[in-house]
Amino acid sequence: MNKLILLLTLGLASSAVLAEPQIRVLALFSDKAMLEIDGQQRLLRKGQTSPEGVELISANSRQAEVRVAGQQLSLSPQARISGNYAQAARPEHRIVRDSSGHFRTAGRINGQQISFLVDTGATGVSINADEAKRLGLDYLRQGKPMLAQTASGVVKSYGLTLDRVAVGSIELRNVAGVVVEGSSPPQALLGMSFLSSLEVSHQDNLMLLRKR
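Summarised in this report is the structure supplied together with it.

Calculation criteria
Residues numbered from 1 in each chain as written. Predicted model: local features only at pLDDT ≥ 70, side-chain atom pairs only at ≥ 80, totals over all residues. Heavy atoms only, no water. Helix = DSSP H or I, 4+ residues; strand = E, 2+ residues; numbered from the N terminus. Buried < 20%, exposed > 50% of the residue type's maximum accessible area, 1.4 Å probe, protein only. Contact = heavy atoms within 4.5 Å. Areas by Shrake-Rupley, 256 points an atom, 1.4 Å probe, with all protein chains shown as cover. 1 Å grid on protein atoms, 1.4 Å probe; cavity = no way out; pocket = protein on both sides within 12 Å on 5 of 7 lines; lining within 4 Å. Points joined across faces, edges and corners; volume = space filled by probe spheres on them. Nonpolar A, V, L, I, M, F, W, Y, C, P; charged D, E, K, R; others polar. Pairing = 2+ DSSP bridges. Core = buried A, V, L, I, M, F, W, Y, C linked by side-chain atoms within 4.5 Å. Salt bridge = Lys/Arg side-chain N within 4 Å of Asp/Glu carboxyl O.

Digging into the overall build of the protein chain
Phase 1: When helices and strands are counted, the protein chain shows four helices and 17 strands.
Phase 2: In the protein chain, which comprises 212 residues, the share counted as buried stands at 43%.
Phase 3: Taking the intrachain contacts of the protein chain between residues at least 6 apart in sequence as the baseline, contacts between residues at least 24 apart amount to 47%.
Phase 4: For the protein chain, the exposed surface amounts to about 11300 Å²; the carbon and sulfur share of it is 50%.

Here's what the structure looks like:
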């Protein structure tokens, strides 16, 4: 009898794994995404959930944020992902490499949405002055003047502490940030002041961030 129960349990577990959807991004729009889920094309609007259990959290022309089986994922155009989405014991976030070879993900600074480029060569979380103003960061008064090397040369910047920085379900407090005068970097950089507090691993085109 116990052997029968064990076999049934294993069978149910195997079925659960097989039921996890395979997802591919076909097209991205503002607050909409065309996804291929288990071979079926689904046009989802922000907040909608497909019959397969994939919820679209947000979308723009660069990426879609989806939630499936308790995990939040960042997907870029033509990205494909499948596997075990079981809820992790520690908060984690998965990012799929985009067609340009970079890892990009939606995130938040002080609770406000922002798009990040993961950059292990950046010391802090770096944003340009326009983004800082949009986020309401008073970097001129609260920041410490410094110099930063950019593609355009050495420019004036300001070091400051960001109250909260988050990607997916991972949120860290009091993260070192840099505001750079001008338009560089064109996309916010998720640097080592955030990444060094996490476990970062790669598997093919997938980056896994996990809170320690």
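Focus: the layout of surface pockets
Phase 1: Volume-wise, the largest pocket comes out at about 370 Å³.
Phase 2: Taken together, 21 residues form the lining of the largest pocket, with Ser126, Ala148, Gln149, Val178 and Val180 sitting closest to its centre.
Phase 3: Top contributing element to the lining of the largest pocket by residue count: strand β12 (residues 144–150), with five residues.
Phase 4: Looking at the lining of the largest pocket residue by residue, the class counts come to 12 nonpolar, nine polar and no charged.

As for the pairing of strand β6 (residues 71–75)
Phase 1: For β6, the tally of buried residues reaches five of five residues, placing the bulk of the element in the interior.
Phase 2: Here β6 shows a buried face lined by Gln71, Leu73 and Leu75 and a second buried face lined by Gln72 and Ser74.
Phase 3: Pairing between strand β5 (residues 64–68) and β6: five bridges, direction antiparallel. In the sheet register, Glu65 faces β6, and the bridge partner there is Ser74.

Re the nonpolar core
Phase 1: One finds Ile109, Phe116, Val125, Ile127, Leu190, Phe194 and Leu209 to be the most contacted residues of the largest nonpolar core, which totals 29 residues.
Phase 2: Where this core is concerned, the elements lending two or more residues are β10 (112–118), β11 (125–128), α2 (129–134), β13 (153–167), β14 (170–180), β15 (188–190), α4 (192–195) and β17 (206–211).
Phase 3: For this core, the leading source of residues is β13, giving five residues.
Phase 4: Other than its neighbours up to four places away in sequence, Ile109 contacts Ile114, Phe116, Val125, Ile127, Leu135, Leu162 and Arg164.

Observations concerning the pattern of salt bridges
Phase 1: Applying the stated criterion to the full structure yields nine salt bridges.
Phase 2: Between Glu55 and Arg67 there is a salt bridge; the shortest N-O distance is 3.0 Å. One end of the pair, Glu55, is in strand β4 (residues 54–59); the other, Arg67, is in strand β5, with 12 residues separating them in the sequence.
Phase 3: Residue classification places Glu55 among the partly exposed residues on the basis of a relative accessible area of 23%.
Phase 4: Residue Glu92 pairs with Arg210 through a salt bridge whose shortest N-O separation is 2.8 Å. Taken as a pair, Glu92 in strand β8 (residues 92–96) and Arg210 in strand β17 lie far apart in primary sequence, 118 residues in all.
Phase 5: On the basis of relative accessibility, which here comes to 4%, the residue Glu92 falls in the buried class.

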